[in-house]
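One letter stands for each residue in the lines below.
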Amino acid sequence: MPAAKAFSLDCFDGELARRMSPLEWQRIRTLRDHPGFLDGLARYGALMPDYFSHNIMLNRVVTEAWRFEMLVYTLHLHDQRDPGDPRSGLTIANLQRLCAAQKCASRGRVLAILGIMTVAGYLRRSKPTGDGRVVLLEPSAAFIDIVEGWNQRILAIGDAIVADDPLAPWHEAHPRFGWEMRRLGAEGLLRGWKLLDPFPEVNHFVSRDGGWMLLLSCVAETMRLGGRDSLVPLSIDLKAFGARFGVSRSHLRRLLESAYAAGLLDAPPRNGAQIVLSPVLVASFLACMASELDYYRGHALTTRDGMKAGRDGVPAAAPLPVAQTPL
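Residues numbered from 1 in each chain as written. Predicted model: local features only at pLDDT ≥ 70, side-chain atom pairs only at ≥ 80, totals over all residues. Heavy atoms only, no water.

Asker: Give a description of the overall build of the chain that names residues and reports values.
Answerer: In terms of regular secondary structure, the chain is built from 15 helices and four strands. Projected onto the principal axes, the alpha-carbon positions of the chain cover approximately 65 × 45 × 35 Å. Pairs at least 24 apart in sequence give 71% of the contacts found in the chain among residues at least 6 apart. About 14,500 Å² of surface is accessible on the chain, with carbon and sulfur atoms providing 55% of the total. (Helix = DSSP H or I, 4+ residues; strand = E, 2+ residues; numbered from the N terminus. Contact = heavy atoms within 4.5 Å. Areas by Shrake-Rupley, 256 points an atom, 1.4 Å probe, with all protein chains shown as cover.)

In structure tokens form, the structure reads like this:
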């Protein structure tokens, strides 16, 4: 078994800084270098795998990168619908056009995922639009519950890092909070912000089914075992892990083998019995995680401050989308 490797958060900083603007790198590094950041990693590793565990439909819909981005646009189209325009809102055609423009999913992929979401009860047909050629879709209460549960966990992870400015309690107390935060996040994506572009090492995993959970679990475990300053070889029962997140053992084995071929593992994986993450992969993942958490945290702070300023008006008193109300 290979020996543990020394590791530090800044071991790959020179390369990471060259991949983005100085302002973007400073934004990421500020959160990553916060004294509570690795507490946030531990919280991330504790909350998210349990949330997705043994929910095959949720894993089919959310955990690949392009699917997650597509879901952001799904909610954005629903929330931005103009009641006076029967062609606005969440329709198959509108989502296909938006995903094509953002280069995150083909027309066929959009249609397939919308079909899965409809069968799973995450989407339903809405009331007639006045134009019989337009089929308007609406997120169900069950799907909104899943999204809000994800939001609550992301904010709780951020709160574990920056404990003196908690946002998860605000999310719990204000039903409109999540929608306003997601609106800002979607607008950022539409302006061109892409989480994974500077982090191809992370994208190698996140672009494949089960990859996000596998990488998160491996990084959290190797740093737990290594005391946060070294990377320790680890083992994962690929059969049990795959059953937990709706992928096959052979799929996970191929993912690890391809990661080794790409230089992201420092030893050949032996069917999950010997996984040695490279410092480059871990540094890239932690910077990516800091980018993600800071992105959502920034929009959450903006939303909270706006709600405080307009407690008796928009957005605090804005009407909820139809699907947010009880069925």
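Moving on from the model shown.
Asker: For the environment of arginine 183, give the residues involved together with the corresponding values.
Answerer: Inspection of the secondary structure assignment puts arginine 183 in helix α10 (residues 177-190). The sequence separation of arginine 183 and glutamine 80 amounts to 103 residues, and the corresponding C-alpha distance is 8.8 Å. Within the structure, the side chain of arginine 183 is placed 3.1 Å from the side chain of glutamate 180, a separation counted as a polar contact. (Polar contact = N/O pair within 3.5 Å; in protein donor to acceptor, adjacent residues only side chain to side chain.)

Asker: Residues and numbers for empty space enclosed by the protein, please.
Answerer: The final tally for this structure, using the stated rule, is two cavities of 30 Å³ or more. In this structure, the largest cavity encloses a volume near 70 Å³. Lining the largest cavity, in full, are Val72, Leu75, His76, Asp79, Gln80, Trp179, Arg182, Arg183 and Ala186. Classifying every residue of the lining of the largest cavity by side-chain character gives four nonpolar, two polar and three charged. Computed from the structure, the second largest cavity encloses a volume of approximately 40 Å³. Along its surface, the second largest cavity is lined by Ile154, Leu155, Gly158, Leu167, Leu293, Tyr296 and Arg297. At the level of secondary structure, the elements contributing two or more residues to the lining of the second largest cavity comprise α8 (141-161) and α15 (279-309). Residue classes in the lining of the second largest cavity are distributed as five nonpolar, one polar and one charged. (1 Å grid on protein atoms, 1.4 Å probe; cavity = no way out; pocket = protein on both sides within 12 Å on 5 of 7 lines; lining within 4 Å. Points joined across faces, edges and corners; volume = space filled by probe spheres on them. Nonpolar A, V, L, I, M, F, W, Y, C, P; charged D, E, K, R; others polar.)

Asker: So, the side chain of glutamate 69: which residues are in play, and what are the values?
Answerer: Looking at where glutamate 69 falls in the secondary structure, it is placed in helix α5 (residues 65-79). In this structure glutamate 69 comes out as buried when scored by relative accessible area, which is 13%. (Buried < 20%, exposed > 50% of the residue type's maximum accessible area, 1.4 Å probe, protein only.)

Asker: Give me helix α14 (residues 249-261): which residues, what numbers.
Answerer: End to end, α14 covers 18 Å across 13 residues, agreeing with the expected 18 Å (1.5 Å per residue, within 8%). Restricting attention to buried positions, one finds in α14 the residues Leu252, Leu255, Leu256 and Ala259. Viewed end-on, α14 has its buried residues packed into an arc of 95°, placing them on one side of the element. Those residues of α14 that are buried are in contact with α11 (200-206), α12 (211-226) and α13 (238-245). One or two positions beyond α14, positive phi appears at glycine 263, with a value near 85°. (Expected span 1.5 Å × (residues − 1). Arc of directions from axis to C-beta.)

Asker: Got a sec to walk through the packing of aromatic side chains? Specific residues and values, please.
Answerer: Applying the stated criterion to the full structure yields nine aromatic pairs. Between phenylalanine 241 and phenylalanine 245 the ring centres are 4.8 Å apart and the planes differ by 50°, which places this aromatic pair in the tilted class. Of this pair, phenylalanine 241 and phenylalanine 245 both sit in helix α13, four residues apart, roughly one helical turn. The two residues phenylalanine 241 and phenylalanine 245 agree in class, both being buried. Directly above the aromatic system of tryptophan 179 lies the positively charged group of arginine 182, at a separation of 4.6 Å from the ring centroid. (Phe/Tyr/Trp six-rings, centres within 6.5 Å; stacked < 30°, edge-to-face > 60°. Lys NZ or Arg CZ within 6 Å of the ring centre and 35° of its normal.)

Asker: Report on the layout of surface pockets, specifying residues and quantitative values.
Answerer: Its boundaries defined by the atoms lining it, the largest pocket holds a volume of some 870 Å³. As for the largest pocket, its lining consists of 41 residues, and the residues nearest its centre are Ala65, Phe68, Glu69, Leu195 and Tyr296. Only α3 (37-52), α5, α8, α10, α11 and α15 provide two or more residues apiece to the lining of the largest pocket.

Asker: Talk me through the packing of α10 against α15; I want residue IDs and the actual numbers.
Answerer: In contact at an axis separation of 9 Å, α10 and α15 are set at 130° when each is read in the N-to-C sense. The angle between the axes of α10 and α15 places the two elements in the oblique class. Considering the relative orientation of α10 and α15, their crossing is right-handed. Judged by residue contacts, Phe177, Glu180, Met181, Leu184, Gly185, Gly188 and Leu189 of α10 engage Tyr295, Tyr296, His299, Ala300, Thr302, Thr303, Arg304 and Met307 from α15. Here the contact of α10 with α15 is composed, by residue class, of eight nonpolar, five polar and two charged. (Axes fitted to C-alpha atoms, helices over the stretch in contact; angles between N-to-C directions. Parallel < 35°, antiparallel > 145°, perpendicular 65-115°, else oblique. Left-handed = near helix turned anticlockwise from the far one by under 90°.)

Asker: Would you mind going over the pattern of salt bridges in detail, with residue names and values included?
Answerer: Scanning the entire structure with this criterion turns up 24 salt bridges. As a salt-bridge pair, glutamate 148 and arginine 182 come within 3.4 Å of each other at their nearest N and O atoms. Residue glutamate 148 is located in helix α8, and its partner arginine 182 is located in helix α10; the two are separated by 34 residues in the primary sequence. Under the relative-accessibility criterion, arginine 182 is labelled buried at 14%. For arginine 297, the salt bridge goes to aspartate 159, with nearest N and O atoms at 3.6 Å. Of this pair, arginine 297 sits in helix α15 while aspartate 159 is found in helix α8, placing the two residues 138 residues apart along the sequence. (Salt bridge = Lys/Arg side-chain N within 4 Å of Asp/Glu carboxyl O.)

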